[in-house]
Amino acid sequence: MDVPEQTSTWLSKCYTSSIPAYSCQGNNTRCCAIFYGRTVAASLSILGCCLVLFMILLYRKYRHFAHRMILYLIVPSIIISLVFVNPYRLKDDSPYCQISGFLINTCTFTQRIQILCIVIHLLVFTVKERRPKYIEHVFVSVFCCVPPLISSVPLIGKDSHYGYAGDWCWIKGGSKYENFLRFFCMYFWMLLFVMVEFVCFCIVIVKVRKHIKYIQAVGINGSEDKASVKRYKKQIYPLLCYPLVNMLLAVLTTSNRVQNWMYPDEPVFVLYLLHSIIHPFWGFCNAMMYFISRDTLREFNPSSVWKQLNSRRNTRTSQQHLVGEPTERGTEPSAHFSAVTNPVSGTADDLETSDME
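Attention here is on the structure that accompanies the text. Positions within a chain are numbered from 1, following the residues in the order the chain's sequence is written. Whole-chain, interface and lining totals are the exception, using all residues; otherwise, since this is a predicted model, local features are given only for residues with pLDDT of at least 70 and side-chain atom pairs are given and counted only at 80 or more. Neither water nor hydrogens contribute to the side-chain values; these are computed over all heavy atoms in the structure.

Numbering of helices and strands runs from the N terminus; a helix is a DSSP stretch of H or I covering at least four residues, while a strand is a stretch of E covering at least two. Within the fold, Ser45 resides in helix α2 (residues 28–58). In contact with Ser45, other than residues within four places in its own chain, are Ser81, Pro280, Phe281, Trp282, Gly283 and Phe284. Any two residues whose heavy atoms approach within 4.5 Å are treated as being in contact.

Attention shifts here to the nonpolar core. Buried Ala, Val, Leu, Ile, Met, Phe, Trp, Tyr and Cys residues that are joined via side-chain atoms within 4.5 Å together make up what is termed a nonpolar core. Partly exposed residues are those whose accessible area sits between 20% and 50% of the maximum for their type, while under 20% is buried and over 50% is exposed, using a 1.4 Å probe and protein chains only. Ranked by size, the top nonpolar core spans 64 residues in total, and within it Val52, Ile70, Trp170, Leu239, Tyr242 and Tyr290 carry the most contacts. Of all the elements in the fold, those that place two or more residues in this core are α2, α3 (65–84), α4 (95–128), α5 (135–151), β2 (169–171), α6 (176–218), α8 (241–262) and α9 (269–290). When residues of this core are assigned to their parent elements, the largest contribution, 11 residues, is made by α3. Discounting residues that sit within four places of it in the chain, Tyr290 has contacts with Val52, Met55, Ile56, Lys61, His67, Ile70, Tyr242 and Thr296. Membership of the second largest hydrophobic core comes to 7 residues, among which are Ile34, Cys97, Cys169 and Phe269.

Pairs of cysteine sulfur atoms within 2.5 Å are what we label disulfides. Under the defined criterion, the tally for this structure stands at 1 disulfide. Shown here is the disulfide that connects Cys97 with Cys169, its sulfur atoms set 2.1 Å apart. Around the S-S axis, the bridge from Cys97 to Cys169 shows a dihedral of about -110° and counts as left-handed. Here the residue Cys97 occupies a position in helix α4, and Cys169 occupies one in strand β2, the gap between them amounting to 72 residues. Looking at Cys202, it has no disulfide partner, and the nearest cysteine sulfur is the one in Cys200, 9.3 Å off.

Let's shift gears to α5. Expected helix span is given by 1.5 Å per residue-to-residue step, counting one fewer step than there are residues. For α5, with 17 residues, the first-to-last C-alpha span of 24 Å sits near the 24 Å given by 1.5 Å per residue. Taken residue by residue, α5 has Ile135, Glu136, Phe139, Phe143, Pro147, Ile150 and Ser151 as its buried positions. Along the long axis of α5, the arc covered by the buried residues comes to 110°, so they all point the same way. Residues of α5 that are exposed and point over 90 degrees away from its buried face: His137 and Leu149. Directions from the helix axis toward the C-beta atoms define the arc.

Counted at 1.5 Å a residue, the expected span for α4 with its 34 residues is 50 Å, and the 49 Å between its end C-alpha atoms agrees. With its phi angle positive at about 55°, Glu129 sits one or two positions after the end of α4.

Right, let's talk about the packing of aromatic side chains for a bit. Note on ring pairs: Phe, Tyr and Trp rings are taken, using the six-membered ring of Trp, and paired if centres are within 6.5 Å. Classes follow the plane angle, with under 30 degrees stacked, over 60 edge-to-face and the rest tilted. Under the defined criterion, the tally for this structure stands at 14 aromatic pairs. Residues Trp170 and Tyr187 carry aromatic rings whose centres are separated by 5.7 Å and whose planes lie at 85° to one another, so their mutual orientation is edge-to-face. Taken together, the residues Trp170 in strand β2 and Tyr187 in helix α6 connect sequence positions 17 residues apart. Given a relative accessible area of 4%, Trp170 falls into the buried group. Both rings, one in Trp189 and one in Phe193, keep their centres 6.4 Å apart while their planes meet at 40°; by these two values the pair is tilted. Separated by 4 residues within a single helix, Trp189 and Phe193 lie in helix α6, roughly one turn from each other. Connected via pairs of aromatic rings, a cluster forms that spans Phe109, Tyr177, Phe180, Phe183, Phe184, Phe188, Trp189 and Phe193.

Take Arg131: it is sitting in the loop between α4 and α5. The exposure class assigned to Arg131 is buried, which follows from its relative accessible area of 14%. As a C-alpha pair, Arg131 and Phe65 span 66 residues in sequence and 9.4 Å in three-dimensional space.

Next comes the structure, spelled out in structure tokens:
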């Protein structure tokens, strides 16, 4: 079908670089809404993820387990956004399209496992009020190894099953086997994880409410209650919003693929539009959850950021100065460093407990 002459240049570009017979259904405006909508969403996600990385590194919050989990979650979000930021169609058999499909499946799967790990951490901590020593190593091993292995299944065979799939590069759905690959490599696990996350998250909410009611009724009396409140603030509260928001986004994106599976010849434009925007928008939503904290917003103030940058620079200068000085009375240089209080990394007590956090 030829593009009408009255169609503007940018609409013609959308039309000729998409598949209008499927989700766009030959409508140029719908094609542009999908392609440019996902580009804007991906750009916002990249910006939001970079701000989160900047804040975590600037204030050295990576010393705490909860913020490290957020850091792990941001990395695949950036990769997905970088893949989706291209608004134009790629050739179905191009290596770049196949690599993009593999990255989208791997990083999306990684995000789902990371959210499951966060929920498991919240559940274990609310039950035992402590974090098992090696749980982070287990989490990292799982979400670094399992997603690439499962995402490699469509690569098995004579030809790769990754390619152009509707509106972006993913597992092609041209046969029953490829539809099975879609279900096995993504949606089976996504639905399973969402159900497990929902049950565990309900238990976590009940435990957290009991803890809050106990503190409100009894008050903070003694060092044990103070330590318990401090642990909850560092281990639980920064992560509570992430499972809820990600479960909602997972349901919205999965609904489109379920409709595709049930009615393959009747695409729903609204579902495709939501899917194309929400999928790359995941990183921006995670960034919003990070900045929802009052403490984080206070730290994000330009004056606070500038003060922190100056503090980091002054600390680095003082450390270089101490290294260049000759030691006095046999004192080792490490003694000088241990005596210096770093205003960025916190007090000595915080440093002692950072490994447990």
